[in-house]
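Observations on the three-dimensional arrangement
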Amino acid sequence: MDYKNIENWILSRVPIFQNKGKDAYNPGLKNVSKFLNELNLPKNQLKYIHVGGTNGKGSTCSYISSILQEAGYKVGTFSSPHFYDYRERIKINNTKIEKSFIVDFIDKNKNIIETLGLSFFELSFGLCLSYFNQKKIDYAVIEVGLGGRLDATNIINPLVSVITNISYDHMDILGDSLEMIAKEKAGIIKTNSKVIIGERNGEVDKIFINKAKDVSSSLVFASDNYSEKIYSDIDYLNKNINTAIYACKALSLKNINQNSILRGIKNVAINTNMFGRWSIIDNNPKIIFDAAHNEGGFESIGKQLSKLSYDKLFVLLSFVKGKKINNLISKLPSDAKLYFTTLSIERSMSFEEIKLNVEGNIIFDKSPKKILNHIKKETSSDDLILITGSNFIAKELFYEN
């Protein structure tokens, strides 16, 4: 098969969490262990940095990768989800995995994938490790897919485990209390490793402290050493940058110094093509896209909005099923004019579910492009349009291919 057919097979044949949600989640390490054995692939030949947490995983991975690249290392990054192209998930430095590698991998291993009944994520992680091993990278930055303890990526033994923060998300899978969620996230802490926790949270700090102690690993709370230096105009990114700096320093590499750190922060867009974190799409009027999708994310964008100057705020929202959207909307300015749309995935929140969760008149259109064009007609150059609630809307609004 050619690449397009292979990609369609991966995205449709193998259940994908972003489309199906919990039904596509395959917790545990049994399947991925069998897959790596079938691939004759060593799971711990690479040097890993493992990044989990509720919010900020992707940007923290990007900053870690960028700093390591500026220090002269060849860095593989495995992240999720993708915005436009499946190959965004697997990159070396800022180069996406080759289409030919994916085609050859699936052609060779299709029967194994089907026999094992692999999830989309398990397949992608096996593909990633195969690629990184073949390309002989120096470091692999691996983003946890969901939770930590039972995530397919947790088969690795990292040099550094990073947990960015803890907030409410995926409660139907991880538990409905911060303590339960933290215990799942703490599952990535391994024996005799280094642990970086991005932010303190009084309710759960002891869970991480005790787990690190139990497995003889050192632990640092990056927020205890928060630099007064402002690296970004986006407040929440400064937290993730600080976490990334401590993760890189924990590797104790001579090439990680103030120069490589500053270059890595400055050149993160060039080195990683980071997107979806307060990304400015247009300036007349200003349109900002942010992939926030849970309470912690909306709290961060609410704080960021308070720093900006604009006349009127228009917010275009799209969500997946089951989100407690009243809790999210409450983090936005009270005078924001809200609009809603749907997504072209099975998990998209319908108009009926939105009506059950939002009081008053709802401005809705099932077409994201149509409703965005409608919003643009209502705005002036001094207004601000924020698009948020899900990463999946990016492809429908901003991708032309």
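Up top is the structure.
A brief look at the structure comes next. Model, not experiment: these values are computed from the prediction. Residue positions are given per chain, counted from 1 along the sequence in the order it is written. Residues qualify for local features only when their pLDDT is at least 70, as the model is predicted, and side-chain atom pairs are given and counted only at 80 or more; totals for whole chains, interfaces and linings, by contrast, use all residues. In computing side-chain properties, one takes all heavy atoms of the structure into account and sets aside hydrogens as well as water.

Here's the deal with the pattern of salt bridges
- Salt bridges are identified by distance alone: a Lys or Arg side-chain nitrogen within 4 Å of an Asp or Glu carboxyl oxygen. Here the structure, examined in full by the defined rule, presents 14 salt bridges.
- Of the charged contacts in the structure, one is a salt bridge between D235 and K307, with a shortest N-O distance of 2.9 Å. Remark: K307 occurs in the loop between α13 (295–305) and β11 (313–317) and D235 occurs in helix α10 (residues 235–249); sequence separation between them is 72 residues.
- For every residue, the accessible area obtained with a 1.4 Å probe (protein chains only) is divided by the maximum for its type, and the residue is called buried under 20%, exposed over 50%, and partly exposed between those limits. Relative accessible area serves as the criterion here: at 45%, K307 is assigned to the partly exposed category.
- When the shortest N-O distance is used, the salt bridge between K303 and E299 registers 3.8 Å. Of this pair, K303 and E299 are both found in helix α13, four residues apart, which corresponds to roughly one turn of the helix. A run of DSSP states H or I qualifies as a helix once it reaches four residues; a run of E qualifies as a strand once it reaches two. Both are numbered from the N-terminal end.

Quick word on the nonpolar core
- Counting 55 residues, the largest nonpolar core has I49, I64, L68, F340 and L386 as the members making the most contacts within it.
- A total of seven residues in this core trace back to one element, the largest contributor, which is α10.
- The contact criterion used is simple: two residues touch if any of their non-hydrogen atoms lie within 4.5 Å. Ignoring anything within four residues of it in the chain, the contact list for I64 reads I49, V51, V141, A244, A247 and C248.
- In this structure, I6, I90, Y131 and I156 belong to the second largest nonpolar core, which totals 39 residues. The nonpolar core is taken to be a set of buried Ala, Val, Leu, Ile, Met, Phe, Trp, Tyr and Cys residues, with the residues joined through side-chain atoms within 4.5 Å.

Regarding the side chain of Q69
- On the secondary structure map, Q69 appears in helix α4 (residues 57–70).
- Judged by its relative accessible area of 15%, Q69 falls in the buried class.
- In this view, Q69 contacts V75, N93, N94, N271 and T272; residues no more than four positions away in its chain are not counted.

What about the packing of aromatic side chains?
- By convention, a stacked pair of Phe, Tyr or Trp rings (six-membered ring in the case of Trp) has centres within 6.5 Å and planes under 30 degrees apart, an edge-to-face pair has planes over 60 apart, and any other such pair is tilted. Throughout the structure, instances matching the rule amount to 15 aromatic pairs.
- Ring geometry for Y86 against F120: centres 5.6 Å apart, planes inclined by 70°, an arrangement best described as edge-to-face. Of this pair, Y86 sits in the loop between β2 (75–78) and β3 (90–92) while F120 sits in helix α6 (residues 120–135), and the two are 34 residues apart along the sequence. The pair formed by Y86 and F120 is uniform in burial state, with each residue classed as buried.
- A centroid spacing of 5.7 Å and a plane angle of 65° characterise the contact between F289 and F398, whose relative ring orientation is edge-to-face. Taken together, the residues F289 in strand β10 (residues 286–289) and F398 in helix α17 (residues 393–398) connect sequence positions 109 residues apart. An identical accessibility class is assigned to F289 and F398; each is buried.

A look at the sheet that holds strand β8 (residues 218–221)
- The pairing criterion is simple: DSSP has to find at least two bridges between the two strands. Here we have eight strands laid out as an open sheet, ordered β4-β3-β2-β5-β1-β6-β7-β8, and mixed in their pairing. Since the sheet does not close on itself, it has two edges, and those belong to β4 (95–96) and β8, each with one partner.
- Where β3 meets β4, two bridges bridge the pair, whose relative direction is antiparallel. Bridging from a neighbouring strand, K91 pairs with K96 of β4.
- Axis angles are defined between N-to-C directions and span 0 to 180 degrees, where every axis is a line fitted to C-alpha atoms and, for a helix, only to the segment in contact. Helix-sheet contacts for α6 involve β1 (48–52), β2, β3, β4 and β5 (139–143), and the interaxial angle to β3 is about 15°.

Re the sheet that holds strand β12 (residues 337–340)
- Pairing is mixed in the open sheet, where five strands are placed in the order β9-β10-β13-β11-β12. The open sheet has two free edges, formed respectively by β9 (279–283) and β12, since each of these has just one partner strand. Each strand axis lies, on average, 20° off the axis of its neighbour in the sheet, ignoring direction.
- Sheet topology note: the β11/β12 ladder contains four bridges and is parallel. Among the inter-strand pairings, L317 is bridged to a residue of β12, identified as F340.
- Strands in contact with α13 are β11 and β13 (384–388); relative to β13, the strand with the most contacts, it is inclined by about 170°.

A short note on the packing of helix α5 (residues 99–116) against α6
- Where α5 contacts α6, the two axes come as close as 11 Å, and the packing angle between them is 130°. As the angle between them shows, α5 and α6 are arranged oblique. α6 is crossed by α5, and the crossing has right-handed handedness. Touching F101, I102, F105, I106 and I113 of α5 are L123, G126, L127, S130, Y131 and Q134, all from α6. Note on terminology: angles under 35 degrees are roughly parallel, angles over 145 are roughly antiparallel, angles of 65 to 115 are roughly perpendicular, and the others are oblique. Less than a right angle of anticlockwise turn of the near helix away from the far helix marks a crossing as left-handed, whereas a clockwise turn marks it as right-handed.

A short note on the pairing of β9
- By the bridge criterion, four bridges tie β9 to β10 in an arrangement that is antiparallel. Looking at β10, one finds that I280 is bridged to I288.
- Where β9 folds back onto β10 in an antiparallel hairpin, the turn is made up of two residues.

Considerations on the layout of surface pockets
- Any residue with an atom within 4 Å of a point lines the site, the site being either a cavity, points on a 1 Å grid over the protein atoms alone where a 1.4 Å probe fits but cannot get out, or a pocket, an open set with protein on both sides within 12 Å along at least 5 of 7 lines. Grid points are joined across faces, edges and corners, and a volume is the space filled by probe spheres set on the points. Estimates place the volume of the second largest pocket at around 530 Å³.
- Taken together, 27 residues line the second largest pocket, and the ones lying closest to its centre are D233, I234, R277, W278 and I280.
- For the lining of the second largest pocket, the secondary structure elements donating two or more residues are α10, α11 (258–266), α12 (268–272), β9 and β10.

A closer look at helix α16 (residues 368–378)
- Those residues of α16 that fall on the buried side of the exposure criterion are P368, I371, L372 and I375. Axial view of α16: buried residues confined to an arc of 100°, hence all on one face. Seen from the open side of α16, the exposed residues pointing more than 90 degrees away from its buried face are K370 and K377.
- On its buried side, α16 packs onto β11, β12, β13 and α17. As used here, the arc is the angular range of directions from the helix axis to the C-beta atoms.

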